[in-house]
Amino acid sequence: NPVDKSLFQTIPTGKSLGHVPSRLELTSGHNPRHGRVLQRSDYYDSIPRGPLLVENGETKSVDSNEKAIYVDDDNQVLYLDPPEQAFTQSNRPHIDSSNNRKTSVTATKRLPQALIIGVKKGGTRALLEFLRIHPDVRAPGPEPHFFDRHYDKGLEWYRDQMPSTLEGQITIEKTPCYFVTKEVPQRIYNMSKDIKLIIVVRDPVTRAISDYTQAATKRPALKPFEKMAFIDNTSRIVDTKWAAVKIGVYAKHLEKWLKYFPIRQIHFVNGETLISNPAGEMAKVQDFLGLKRIVTDKHFYLKDSRGFPCLKKRPGSGRPHCLRNNKGRTHPHVDQTVLNRLRDFFKPFNLKFYQMTGINFGWS
Ligand SMILES: Nc1ncnc2c1ncn2[C@@H]1O[C@H](COP(=O)(O)OS(=O)(=O)O)[C@@H](OP(=O)(O)O)[C@H]1O
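Conventions adopted
- Residues numbered from 1 in each chain as written.
- Predicted model: local features only at pLDDT ≥ 70, side-chain atom pairs only at ≥ 80, totals over all residues.
- Helix = DSSP H or I, 4+ residues; strand = E, 2+ residues; numbered from the N terminus.
- Buried ≥ 20, exposed ≤ 12 C-beta atoms within 10 Å, placed from the backbone.
- Near = placed C-beta within 6 Å.
- Nonpolar A, V, L, I, M, F, W, Y, C, P; charged D, E, K, R; others polar.
- Axes fitted to C-alpha atoms, helices over the stretch in contact; angles between N-to-C directions.
- Contact = placed C-beta atoms within 7 Å.
- Pairing = 2+ DSSP bridges.

S.K.: Got a sec to walk through the overall build of the protein chain? Specific residues and values, please.
M.R.: Summing up its helical and strand segments, the protein chain has eleven helices and 17 strands in all. Taking all 364 residues of the protein chain together, 32% fall into the buried category.

Have a look at this one:
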């Protein structure tokens, strides 16, 4: 019995889910967390459901309604999930009840086959949200931070952070810190040497200001950007130890990845073009992942004066969806001489990066 995979994306629940377990297993049995026997007839698709609160990558149940709340690294609420689609008695794919075994669908949690590894403030959230429109892509909302923070929890923990996928669907996650954490390339290689890696890059100077803006939102007493960027303001020697600067030396970080992965296994997304021409960048990403080009310009609209592209329809709800206001923050004014000094600093590293990738990003 072949199953129409589109069912998994399009069927609305049509009823309130009420307070249901956050995850239903495909097999019946006792769920220690909820202390009851799960029946196959409850929900079949094993999509993680609310009520959930996801905080710093941790998932907790909450007592409110059936919305999932995703928060970003800086603890800003990203979005509230609408009730997700569920299979009901009438639209559920066929199950062979005689031997109580699934015959036609294998929805199971798998380790990722692709990762968005960086860069922080490059546009990684936008890329992930755009990819999630694709019916053959599934991804967790929060950043798992497995290879940098939670590696000691093991691969089974990591797998458990992933949504269930059907045969042929790609599991992907994004954790921008991976790109700059020195242990990570080898750890990823040990999991899968064939994994596809995606890096969203952006002019390192604006990236640094974006990073600073985020930090200053959390710590209003933070020194001005100009004071952070230089070891001392008279000599204007760039403080290469400051993370906002260090992350932008892309060539140095990339060298570490190339010890484990060939360059053809890494796809570079132009973060600036992801804003000005999202469909163009998405076409290349879909090609790289071996996906049919389903996400196209018909999925986007330009929202407002900020000029960021938004989705016309969010999967699940069908409503328009823009990234929250913690993306696209207004940057502070930075003195032109400071910008020039930083541009000079990054120039040789940018040129090296263009050589390594074979792409001229045009930042210098
Ligand atoms: N469609 C859309 N909507 C809103 N924002 C967009 C979009 N596409 C890219 N961007 C840019 O993404 C920047 C944030 O990057 P990340 O998502 O990688 O940040 S984070 O590392 O996960 O915190 C964010 O940086 P700032 O503008 O500096 O806030 C945006 O410029």
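Resuming the write-up.
S.K.: So what's going on with the environment of histidine 145? Which residues, and what values?
M.R.: Summarising the element assignment, histidine 145 is placed in the loop between strand S11 (137-138) and helix H3 (155-160). Its 19 C-beta neighbours within 10 Å are what place histidine 145 among the partly exposed residues. Sequence separation of histidine 145 and tyrosine 158 is 13 residues, and the distance between their C-alpha atoms is 9.2 Å.

S.K.: Could you give me a rundown of the site of the ligand, with the residues and numbers involved?
M.R.: Close to the ligand lie 19 residues; Gly123, Thr124, Arg125, Ala126 and Ser210 are nearest. Elements that contribute at least two residues to the shell around the ligand include exactly helix H2 (124-131), helix H5 (204-218) and helix H9 (271-276). It is H2 that provides the largest number of residues to the shell around the ligand, a total of three residues. Tallied by class, residues from the shell around the ligand come to seven nonpolar, six polar and six charged.

S.K.: Residue-level account of the packing of helix H8 (residues 250-258) against helix H11 (residues 336-357), with values.
M.R.: It is the contact of H8 with H11, at a shortest axis distance of 8 Å, that shows an interaxial angle of 35°. Residue-level inspection shows Tyr250, Ala251, Lys252 and Leu254 of H8 in contact with H11, the latter providing Phe349, Lys352, Phe353 and Met356. Class assignment of the residues belonging to the contact of H8 with H11 gives a composition of six nonpolar, no polar and two charged.

S.K.: Give me the pairing of strand S13 (residues 170-174): which residues, what numbers.
M.R.: For S13, the buried fraction is high: four of the five residues fall into the buried class. Note: strand S10 (residues 114-118) against S13, three bridges, orientation parallel. When the bridges of S13 are listed, isoleucine 116 appears paired with lysine 174. When S11 meets S13, the two strands line up parallel, connected through two bridges. Each bridged residue has a counterpart across the sheet, and for valine 137 the counterpart in S13 is isoleucine 170.

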